[in-house]
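Fold and geometry: a report
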Amino acid sequence: MTRGRCRRQILPLALLSAAAWSVAACSSEPQPSASSPSDAGQERITWSTDSAVDTPAATRHTFRKIRLFTEFVCEGATYGDFDNDRDMDVAFGPRWYEGPAFTVEHEIYAPQPFDPKGYSDCFFLFARDFDHDGFTDILRVGFPGADASLFWNPGRASGPWPRHIVIDVVDTESPDFTDITGDGSPELVFAADGRLVWAGPVGTDPSGPWNLHPLTPPAGFHAFTHGLGVGDVDGDGLLDVLEAKSWWKHPPSLQGDPVWERRAQTFGSGGAQMPTADVDGDGDADVVASLEAHGYGLAWFEQSPAGFVEHVIVPSLPDAGGVALHEPHALAVADLDGDGDPDIVTGERFWGHIPAGMPDFATPAHLYWFELVRNQGVVTFIPHLLDDASGVGTQVTIGDVTGDGLRDILIANKKGAFLFVHELPASDGGAND
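Attention in this report is confined to the structure presented alongside it. (Residues numbered from 1 in each chain as written. Predicted model: local features only at pLDDT ≥ 70, side-chain atom pairs only at ≥ 80, totals over all residues. Heavy atoms only, no water.)

1. Observations concerning the overall build of the protein chain
If you tally the helices and strands in the protein chain, you get one helix and 29 strands. Sequence-distant contacts, at least 24 apart, represent 52% of the contacts inside the protein chain between residues at least 6 apart. Roughly 16,400 Å² of accessible area belongs to the protein chain as shown, and the carbon and sulfur atoms make up 53% of that amount. (Helix = DSSP H or I, 4+ residues; strand = E, 2+ residues; numbered from the N terminus. Contact = heavy atoms within 4.5 Å. Areas by Shrake-Rupley, 256 points an atom, 1.4 Å probe, with all protein chains shown as cover.)

Below, the structure is given as structure tokens:
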């Protein structure tokens, strides 16, 4: 790949028209009603990630879809070794499933099916061994404006996991769980009382109330503020915080909770997670963001001496031709194809806001991964359709769940819970590129 500053991003919309998309050997699967029970077993469907543009990734990387259940109980998903057997397990809201087969189900807390015209009590899950007993626990963030709770893994004991409310109110719709302080342990970054804040365990008891540390003055952040990210924007080794209208520079010291310096910058009107990544290969941090959580549009923002320059990946107008992402309410960035460059996973949040009338539950909900390709200083994102019957919720989790060195995708939403297992042809030996 050519290094150095890229001239501009180009998405070949003329080549990648809606008629060009194909999903090999599959079509939209029928969807359950709001009252459907959990699947008795797993549903496995192999989807090709083919597109109209011939790239190695388009023909070699496939994702095997496993639907763990169909009712709407959550939008949070994560993974970890919950039974301490050295195999990764997966968790979706109130349930976790034993790896590597993911056929044995356990309850974390009592599942409560929700009406898909409304919302659940689980928007995010984050996994970590908080009490260092060798068993991975779970931090659940509920509906915006509600609490964050720790669910303690009982280890070899059976039954529900004990719950401890550690933060009374978590505002914003895409909080981040990351090491904002640089102490080696992650903290939750979110909003409260109109400010952006961070909070983490206090002392040796992570089940007690977490202290809130403001990083901005009161700035009107509320429960349903869209768009939040954490990343080292200026390359000083400290993590900064991004939101739709600004990024906030991490101070040299957090002692005394100083106000972080605001740098005005528009990154759309408020979308989903806002990860930083070196998209153009010039050594600095660019920003990836959906442009409107309940509208359309996806872009990357190139860092330049004059500020950030927006490059459209998917237009913000639904009739612009090519891919049209409705309600891209969650996204994640990871190197899916193993070429060392960051790719994007995002899609449509089905019934994120219920439109007028009675929409059909079988309406497609698309999930894409966008392959980053650089060629002589030009950046292109090639869309690959992963699925048209799942979409995203409020969280996209990416990680090597199966232990084969390939990154898998976890999603939960109003259509159920989904694990997309990343696979390569047998001739590749199951290894990444």
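2. Some remarks on the sheet that holds strand 18 (residues 261–264)
The strand order across the open sheet formed by four strands is 15-16-17-18, and the pairing between neighbours is antiparallel. Edge positions in the sheet fall to strand 15 (228–231) and strand 18, since each has one partner strand and no second. Ignoring which end each strand starts from, the neighbouring axes of this sheet average 20° apart. As defined by bridge partners, strand 16 (residues 240–243) adjoins strand 17 (residues 246–249) across three bridges and the pair is classed as antiparallel. Within the sheet, the bridge partner assigned to Glu-243 lies in strand 17 and is Ser-246. (Pairing = 2+ DSSP bridges. Axes fitted to C-alpha atoms, helices over the stretch in contact; angles between N-to-C directions.)

3. Brief notes about the pairing of strand 11 (residues 171–178)
Most of strand 11 is tucked away, with seven of its eight residues classed as buried. As paired strands, strand 11 and strand 12 (residues 187–192) are joined by four bridges and run antiparallel to one another. In the sheet register, Phe-177 faces strand 12, and the bridge partner there is Leu-188. (Buried < 20%, exposed > 50% of the residue type's maximum accessible area, 1.4 Å probe, protein only.)

4. Observations concerning the layout of surface pockets
Considering only enclosed or pocket space, the largest pocket measures out at about 720 Å³ in volume. As for the largest pocket, its lining consists of 30 residues, and the residues nearest its centre are Asp-176, Phe-177, Gln-273, Ala-332 and Val-396. Of all the secondary-structure elements, those providing two or more residues to the lining of the largest pocket are strand 3 (77–80), strand 7 (124–128), strand 11, strand 15, strand 19 (276–277), strand 23 (331–334) and strand 27 (397–399). Sorting elements by how many residues they give to the lining of the largest pocket places strand 11 first, with five residues. Its residues placed into classes, the lining of the largest pocket shows 20 nonpolar, nine polar and one charged. Of the voids in this model, the second largest pocket is the one considered here, and its volume is about 310 Å³. Lining the second largest pocket are 19 residues, and of these Ser-185, Gly-200, Pro-201, Val-202 and Gly-203 sit closest to its centre. Elements that contribute at least two residues to the lining of the second largest pocket include exactly strand 13 (195–200) and strand 14 (211–214). Within the lining of the second largest pocket, the residues separate by chemical class into six nonpolar, eight polar and five charged. (1 Å grid on protein atoms, 1.4 Å probe; cavity = no way out; pocket = protein on both sides within 12 Å on 5 of 7 lines; lining within 4 Å. Points joined across faces, edges and corners; volume = space filled by probe spheres on them. Nonpolar A, V, L, I, M, F, W, Y, C, P; charged D, E, K, R; others polar.)

5. Focus on the pattern of salt bridges
Under the counting rule described, the total for this entry stands at 11 salt bridges. The partner of Glu-423 in a salt bridge is Arg-64, with the nearest N and O atoms 2.8 Å apart. In this pair, Glu-423 is assigned in strand 29 (residues 416–423) and Arg-64 in strand 2 (residues 62–69), connecting sequence segments 359 residues apart. Residues Asp-121 and Arg-140 are paired through a salt bridge, measuring 3.7 Å at the closest nitrogen-oxygen approach. (Salt bridge = Lys/Arg side-chain N within 4 Å of Asp/Glu carboxyl O.)

6. Looking at the nonpolar core
The tendency in soluble globular proteins is for nonpolar side chains to be buried as a group. Of all hydrophobic cores here, the largest spans 26 residues; its most connected members are Leu-68, Phe-69, Val-90, Phe-92, Ile-108 and Leu-419. Contributing elements (two or more residues each) for this core: strand 2, strand 4 (89–92), strand 5 (95–97), strand 28 (408–413) and strand 29. Phe-130, Leu-150, Ala-192 and Val-197 belong to the second largest nonpolar core, which has 19 residues in total. (Core = buried A, V, L, I, M, F, W, Y, C linked by side-chain atoms within 4.5 Å.)

7. Some words on the sheet that holds strand 21 (residues 298–304)
Reading across from one edge, 19-20-21-22 is the order of the four strands in this open sheet, with antiparallel pairing throughout. Two strands bound the open sheet, and with one partner strand each, they are strand 19 and strand 22 (307–314). In this structure, strand 20 (residues 286–290) lies alongside strand 21, joined through four bridges in antiparallel fashion. Within strand 21, the residue paired with Val-287 across the bridge is Phe-301.

8. Details of the side chain of Thr-216
Relative to the assigned elements, Thr-216 resides in the loop between strand 14 and strand 15. Here the side chain of Thr-216 touches Leu-196 through a polar contact of 3.0 Å, landing on its backbone nitrogen. (Polar contact = N/O pair within 3.5 Å; in protein donor to acceptor, adjacent residues only side chain to side chain.)

9. Details of the packing of aromatic side chains
Within the structure shown, the criterion is met by 17 aromatic pairs. With 5.0 Å between their ring centres and 15° between their planes, Phe-350 and Trp-351 make a pair best called stacked. Trp-351 sits in the buried class, given a relative accessible area of 10%. By way of ring pairs, the aromatic residues Phe-124, Phe-126, Phe-130, Phe-177 and Trp-210 are connected into one cluster. Above the ring of Tyr-109, the side-chain terminus of Arg-140 is found at 4.8 Å from the ring centroid. (Phe/Tyr/Trp six-rings, centres within 6.5 Å; stacked < 30°, edge-to-face > 60°. Lys NZ or Arg CZ within 6 Å of the ring centre and 35° of its normal.)

10. Examining the side chain of Asp-341
Secondary-structure assignment places Asp-341 in the loop between strand 23 and strand 24 (343–347). Polar side-chain contacts of Asp-341 include one of 2.9 Å to the side chain of Arg-374.

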